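Below are the chains, spelled out letter by letter.
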Amino acid sequence: ANYVCALLFDNGHFADFGLGWTNPGKHRSPSINKSGTLLQISLGLGLAAVAAAFTIVGPMILGWAILVPGSAATAGSVSLGILGVGMILLLLGAAGEELLFHGYAFQVLLGQRGQLPSTPLGKYSSLAAIAVVALIFAEAHVVSNQAPLLAALNTAAWGFLLGFAVWRTQAL
């Protein structure tokens, strides 16, 4: 849907809104020029792995969580194939969320695509757009998962962080 909107309304291409492959020095964004897509993907996956490990290990260190071994009935029923399919589905879901919340429409709000009228917020209008989308991101997760307030705040913080990254790099 993002590509169709960009193509119809802005004569855009995948690379125009963060889905292209770039080499160092070949992109209009200075931060992508220095690193290229491969380094950004590696850095993003590495930071995501650290965040996931912190999310699991942190509560265990603080004594807030423990690992409970599965029962004998369920221990043998999980195969590598099921785990692999589960991981692929999680990655596709995350990629779909990024496209939905930080794709073409988000980049239009930030003024990275097309022209927007000036706002009274001036240079802070981009941060305001990021904050609003982060709150919508959190609300979507609260509604779909019936999450508590702390989880909503965590999701909003991650939405803001990811939106800020899209704004700074001009890439998904």
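Above this text sits the structure in question.
Throughout what follows, the structure given in this document is the object of discussion.

### Examining the side chain of Glu98
So, point 1. Summarising the element assignment, Glu98 is placed in helix H4 (residues 80–102).
So, point 2. Judged by its relative accessible area of 18%, Glu98 is buried.
So, point 3. Every residue in contact with Glu98, bar those within four places of it in the chain, is listed here: Gly103, Leu162, Val166 and Leu172.

### Here's the deal with the nonpolar core
So, point 1. Counting eight residues, the largest nonpolar core consists of Phe101, Phe106, Leu110, Ala129, Ile130, Val133, Phe137 and Val166.
So, point 2. In terms of residue count, helix H6 (residues 125–145) provides more of this core than any other element does, four residues in total.
So, point 3. Sequence-distant contacts of Phe137, defined by excluding residues within four places in its chain, comprise Glu97, Phe101, Thr155 and Gly159.

### Some details on the packing of aromatic side chains
So, point 1. If you walk through the whole model with that rule in mind, you get three aromatic pairs.
So, point 2. Ring centres of Phe160 and Phe164 lie 6.5 Å apart, and the angle between their planes is 20°; on these two criteria the pair is classed as stacked. Here the residue Phe160 and the residue Phe164 both occupy positions in helix H7 (residues 149–169), the gap between them amounting to four residues, near one helical turn.
So, point 3. The exposure class assigned to Phe160 is partly exposed, which follows from its relative accessible area of 31%.
So, point 4. Relative to Trp167, the ring of Phe164 lies with its centre 5.4 Å away and its plane at 65°, an arrangement referred to as edge-to-face. Taken together, the residues Phe164 and Trp167, both in helix H7 and three residues apart, mark about one turn of the helix.
So, point 5. Among the aromatic side chains, those forming a connected cluster through ring pairs are Phe160, Phe164 and Trp167.

Rules behind the numbers
Residues numbered from 1 in each chain as written. Predicted model: local features only at pLDDT ≥ 70, side-chain atom pairs only at ≥ 80, totals over all residues. Heavy atoms only, no water. Helix = DSSP H or I, 4+ residues; strand = E, 2+ residues; numbered from the N terminus. Buried < 20%, exposed > 50% of the residue type's maximum accessible area, 1.4 Å probe, protein only. Contact = heavy atoms within 4.5 Å. Core = buried A, V, L, I, M, F, W, Y, C linked by side-chain atoms within 4.5 Å. Phe/Tyr/Trp six-rings, centres within 6.5 Å; stacked < 30°, edge-to-face > 60°.

Note that all results are geometric; they support no functional claim without further evidence.
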